[in-house]
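Commentary on secondary and tertiary structure
Here's the letter readout for the chains.
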Amino acid sequence: MAGLLSALDLTDTGARTNEDIFTGPSQWMPQGRVFGGQVLAQALVAAQRTLAEDRIVHSMHGYFLRPGDINLPITFSVDRIHDGRSFSTRRTQAYQDGVPILSAIASFQDEDAGLDHQIEMPDNLPDPESLPTTAESLASLDHPVARYWASERPFDMRYVPSPIFISVEGGHVAHQAVWLKSVGPMPADMNLHRAALAYASDYSILESIMRRHGLAWATPGIKVASLDHAMWWHREARVDEWLLYVQESPNAIGGRGLSLGRIFDRSGRLIASVAQEGMVRPPR
């Protein structure tokens, strides 16, 4: 949790051109590349810093342009594209070594009354307390990636029907569900909860593609990378309480796969929707 909160605590450099400039650290990752969810969440925090607290994010669309280096800090530039009576738009670019690694546009809105409906949360799923933790699923494996997933990630993730870390159990279907929450309490600032939800939304979204084709993370020679990420925040929720992340893949072709996600709180409210296209290349 300390690592997550430190990553989201960006520094305002005081530098100004026609954009606002912030810097943030890179979290350690076992394979040396910056976690996409981290830079996405940091880009959102940078944009949030240029707005009043009561104008909150409702959508964000980002493209992952280059792999980030965990040994380097990240610079974020925020272009205040538009401020209207109810909506604001920000473009955030994330840089390392002077080249962009992420480009994102986010839209923010004042709270407003309006139409209200949502899709229903799936029923008949097991409660998170009845499912094994990631640490329990990986207890028998002594590997740097397994140790990181088991004990160093800031989110507790519990899979329905089971994780695909080592193998794909059961049918090769293009859908799964994951219960998740932060491993410790979060501050009261709901903007941090929104950013942390963006962070967590990148963990498992492509796994519905992999599960459909029987590909586990441990498959020798597999290559997986996020290409873009879109997210819509619908209702307020805390990430230090259990959330259900339902994922499905409608299509894969040409080395790319699309996965869609819906995030519900435990009472069944739809909190957010997610879409991501990723590169998924099986071993040849």
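Throughout this document, residue positions are counted from 1 along each chain, in the order its sequence is written. Where totals are concerned, whole chains, interfaces and linings use all residues; where local detail is concerned, this predicted model gives features only for residues with pLDDT of at least 70, and gives and counts side-chain atom pairs only at 80 or more. Water and hydrogen atoms play no part in the side-chain values, which are based on all heavy atoms of the structure.

1. Some details on the overall build of the protein
Only DSSP runs of H or I reaching four residues or more are called helices, and only runs of E reaching two or more are called strands; each is numbered from the N terminus. Scanning the protein from terminus to terminus reveals 6 helices and 12 strands. Computed over the C-alpha atoms, the radius of gyration of the protein is 18 Å, within 12% of the 19 Å expected from 2.2 N^0.38 for a compact globule of 284 residues. If you line up the protein on its principal axes, its C-alpha atoms span 55 × 45 × 40 Å. Across the 284 residues in the protein, those meeting the buried criterion constitute 51%. Residue contacts are defined here by distance: any two heavy atoms, one from each residue, within 4.5 Å place the two residues in contact. Once local pairs closer than 6 in sequence are excluded, the contacts in the protein between residues at least 24 apart make up 72%. Shrake-Rupley sampling with a 1.4 Å probe provides the accessible areas, and residues are treated as covered by the protein chains on show and by no other component. Within the structure as shown, the protein displays about 13,600 Å² of accessible surface, and the carbon and sulfur contribution to it stands at 51%. Across the protein, the mean location of the 25 positive side-chain charges is 6 Å away from that of the 33 negative side-chain charges. When we talk radius of gyration, it's over C-alpha atoms, and the globule rule is simply 2.2 Å times the number of residues to the 0.38. Note on classification: 1.4 Å probe, protein chains only; a residue is buried when its accessible area is under 20% of the maximum for its type, exposed when over 50%, partly exposed between these limits. Counted as positive: Lys and Arg. Counted as negative: Asp and Glu, with His and the chain ends omitted from the count. Every charge is mapped onto a representative atom, which is NZ of Lys, CZ of Arg, CG of Asp or CD of Glu.

2. Some points on the UniProt feature "domain: Acyl-CoA thioesterase-like N-terminal HotDog" (unreviewed entry) in the protein
UniProt positions are given in the numbering used here, feature names are shortened, and annotations may be inferred rather than shown by experiment. Under the present numbering, the feature "domain: Acyl-CoA thioesterase-like N-terminal HotDog" (unreviewed entry) in UniProt falls on residues 25–109. Helix makes up 15% of residues 25–109 and strand 48%, and the two end C-alpha atoms of the span are 28 Å apart.

3. As for the environment of Ser249
Inspection of the secondary structure puts Ser249 in strand E10 (residues 243–253). In this structure, Ser249 is in contact with Ala174, Ser208, Ile209, Leu258 and Ser259, ignoring residues within four places of it in sequence. Reaching out from Ser249, the side chain makes a polar contact with the backbone oxygen of Leu258 at a distance of 2.7 Å. Under the rule applied, a polar contact is a pair of N or O atoms within 3.5 Å (in protein, one hydrogen donor and one hydrogen acceptor; residues adjacent in sequence only if both atoms are side-chain atoms).

4. Quick notes on the UniProt feature "domain: Acyl-CoA thioesterase 2 C-terminal" (unreviewed entry) in the protein
Sites flagged by UniProt as "domain: Acyl-CoA thioesterase 2 C-terminal" (unreviewed entry) map to residues 167–279. Segment residues 167–279 splits into 16% helix and 44% strand. End C-alpha atoms: 20 Å apart.

5. Description of the nonpolar core
As used here, the term nonpolar core means buried Ala, Val, Leu, Ile, Met, Phe, Trp, Tyr and Cys residues forming a set that is joined through side-chain atoms within 4.5 Å. In this structure, Val39, Phe76, Phe155, Leu197 and Ile263 are the most contacted members of the largest nonpolar core, which totals 69 residues. Counting residues per element, this core draws most heavily on helix H2 (residues 36–48), which supplies 8 residues. Counting 10 residues, the second largest nonpolar core, distinct from the first, contains Met121, Ala177, Leu244 and Phe264.

6. Re H2
In a helix, the anticipated span is given by 1.5 Å times the number of residues less one. Here H2 contains 13 residues, and its C-alpha end-to-end distance of 18 Å stays within 8% of the 18 Å for a straight helix at 1.5 Å per residue. Burial runs high along H2: 13 of the 13 residues are buried.

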